[in-house]
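Tertiary structure, described
So the chains spell out like this:
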Amino acid sequence: MSMASNLWTAWAQQTAAVVSFELRKFLAGRKWVFPILLAAAPVSLVTLLLFFDPHPPNNADITEIFAVMFQTFMLRLMILFGCALVFANLYRGDMVTRTIHFYLLTPARREVLVAGKYLAGLLMTATLYGTTVAITNILIHSANGQAVAEAHFYNGPGMSQLLSYVCIAALAGVGYGSVFMLTGFLFKNPAIPAAFVLIWESANVFLPAALKKISVVHYLQSMTPVPIPFGPFAVITAPASVFVSVGGLAVFTVAVLIVNALMMRRAEINYSSD
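Note that the structure is a prediction, hence the values are computed from the model and not measured.

**Some remarks on the environment of Ala209**
Looking at the element boundaries, Ala209 is found in helix H9 (residues 209–212). For the pair Ala209 and Ala238, spaced 29 residues apart in the sequence, the C-alpha separation amounts to 8.7 Å.

**Description of the nonpolar core**
Among the nonpolar cores identified, the biggest contains 56 residues, and Phe70, Leu75, Ile79, Phe87, Tyr176, Phe180 and Leu220 are the most heavily contacted of them. At the level of secondary structure, the elements contributing two or more residues to this core comprise helix H1 (3–28), helix H2 (33–52), helix H3 (59–96), helix H5 (110–140), helix H7 (158–186), helix H8 (191–202), helix H10 (216–222) and helix H11 (242–265). Leaving out residues up to four positions away in the same chain, Leu75 has contacts with Phe70, Leu80, Ile168, Ala172, Tyr176, Val217 and Leu220.

**Digging into H11**
With 24 residues, H11 extends 34 Å between its outermost C-alpha atoms, agreeing within 8% with the 34 Å of an ideal straight helix rising 1.5 Å per residue. All buried positions along H11 are accounted for by Ser245, Leu249, Thr253, Val256, Leu257, Asn260, Ala261 and Met264.

**Describing the pattern of salt bridges**
Overall, the coordinates contain two salt bridges when judged by the stated rule. A salt bridge links Glu22 to Lys25; the nearest nitrogen and oxygen atoms lie 3.3 Å apart. Highlighted residues: Glu22 and Lys25, both in helix H1, separated by three residues, approximately one helical turn. Residue Glu22 is classed as buried on the basis of its relative accessible area, which comes to 4%.

**Section: the confidence of the model for the protein**
On average, the protein scores 84 in pLDDT, and the residues at 70 or more come to 88%. Across the protein, the secondary-structure element scoring lowest on mean pLDDT is helix H4 (residues 100–104), at 64, and the one scoring highest is H7, at 93.

**Overview of empty space enclosed by the protein**
Per the counting criterion, the structure on display carries one cavity of 30 Å³ or more. Taken as a whole, the largest cavity spans an internal volume of roughly 70 Å³. As for the largest cavity, its lining consists of Glu22, Lys25, Phe26, Lys31, Leu85, Val86, Asn89, Leu90 and Met124. At four residues, the largest contribution of residues to the lining of the largest cavity is made by H3. Grouping the constituent residues of the lining of the largest cavity by class yields five nonpolar, one polar and three charged.

**What to know about the packing of H2 against H5**
Angle between the axes and distance between the axes: these two values describe a pair of packed helices. Interhelical geometry of H2 versus H5 gives an angle of 5° and a closest axis separation of 9 Å. As far as their axial angle goes, H5 and H2 are roughly parallel. Across the interface between the two elements, Pro35, Ile36, Leu38, Ala39, Pro42, Val43, Val46, Thr47, Leu49 and Leu50 from H2 touch Leu128, Tyr129, Thr132, Ile135, Thr136, Leu139 and Ile140 from H5. Grouping the constituent residues of the contact of H2 with H5 by class yields 14 nonpolar, three polar and no charged.

The rules behind the values
- Residues numbered from 1 in each chain as written.
- Predicted model: local features only at pLDDT ≥ 70, side-chain atom pairs only at ≥ 80, totals over all residues.
- Heavy atoms only, no water.
- Helix = DSSP H or I, 4+ residues; strand = E, 2+ residues; numbered from the N terminus.
- Core = buried A, V, L, I, M, F, W, Y, C linked by side-chain atoms within 4.5 Å.
- Buried < 20%, exposed > 50% of the residue type's maximum accessible area, 1.4 Å probe, protein only.
- Contact = heavy atoms within 4.5 Å.
- Expected span 1.5 Å × (residues − 1).
- Salt bridge = Lys/Arg side-chain N within 4 Å of Asp/Glu carboxyl O.
- pLDDT = per-residue confidence, 0-100.
- 1 Å grid on protein atoms, 1.4 Å probe; cavity = no way out; pocket = protein on both sides within 12 Å on 5 of 7 lines; lining within 4 Å.
- Points joined across faces, edges and corners; volume = space filled by probe spheres on them.
- Nonpolar A, V, L, I, M, F, W, Y, C, P; charged D, E, K, R; others polar.
- Axes fitted to C-alpha atoms, helices over the stretch in contact; angles between N-to-C directions.
- Parallel < 35°, antiparallel > 145°, perpendicular 65-115°, else oblique.

Next up, the structure:
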């Protein structure tokens, strides 16, 4: 085995070790409480609909209702703030507990640390919010009974729509995760950048086409299987293709992670200023 192969193997093992440690920290502490509460919100709303609405809408209307819920509440609030809570604390939590120096003293490249922390956050958010989207979609389409739900998922477009929504939720974690991981490194209070990102992403429908392309939600919305109206003041632009959307998010994420890694290489920890 060549030296380069051995080096890549060592980096992969170190990255896996960081991922495992970050996942254990997340589950052992209380950091999971608020992200899970956010994930529980749409499931709870749909459960209330099932129990207390004796005359639910027809399946076509339900499909549109879920599309609106997904593109407004889930993408712009649930997943965005969930990623802010998870990814911003990957650095900030270690700074607050004054333990990040243990990472920096290990014989591992700081790029490996960045990659491991990012992958751990992505596993948490993609699993949590992808599962939430799937459960919510299945529950809301069960409002008119099992027979209607089975016809929707097995004889209609339901299954392909469900898979699309879950994949988009995971891609949202890819894009938003890289942003909030970087802001968690730069800002002591993650609420400030989270509020700015929320305003920018929410205002995306009113921005000109050139500015739309520098937001995460533009590419996510372009892939949604059911388009929704955004009102008379929205600026209508052609959605990006799936290839452009996925490629754009990938390039954006890699660029942000490279910046993060470069900053991490130059970082000097000074707890007295935190």
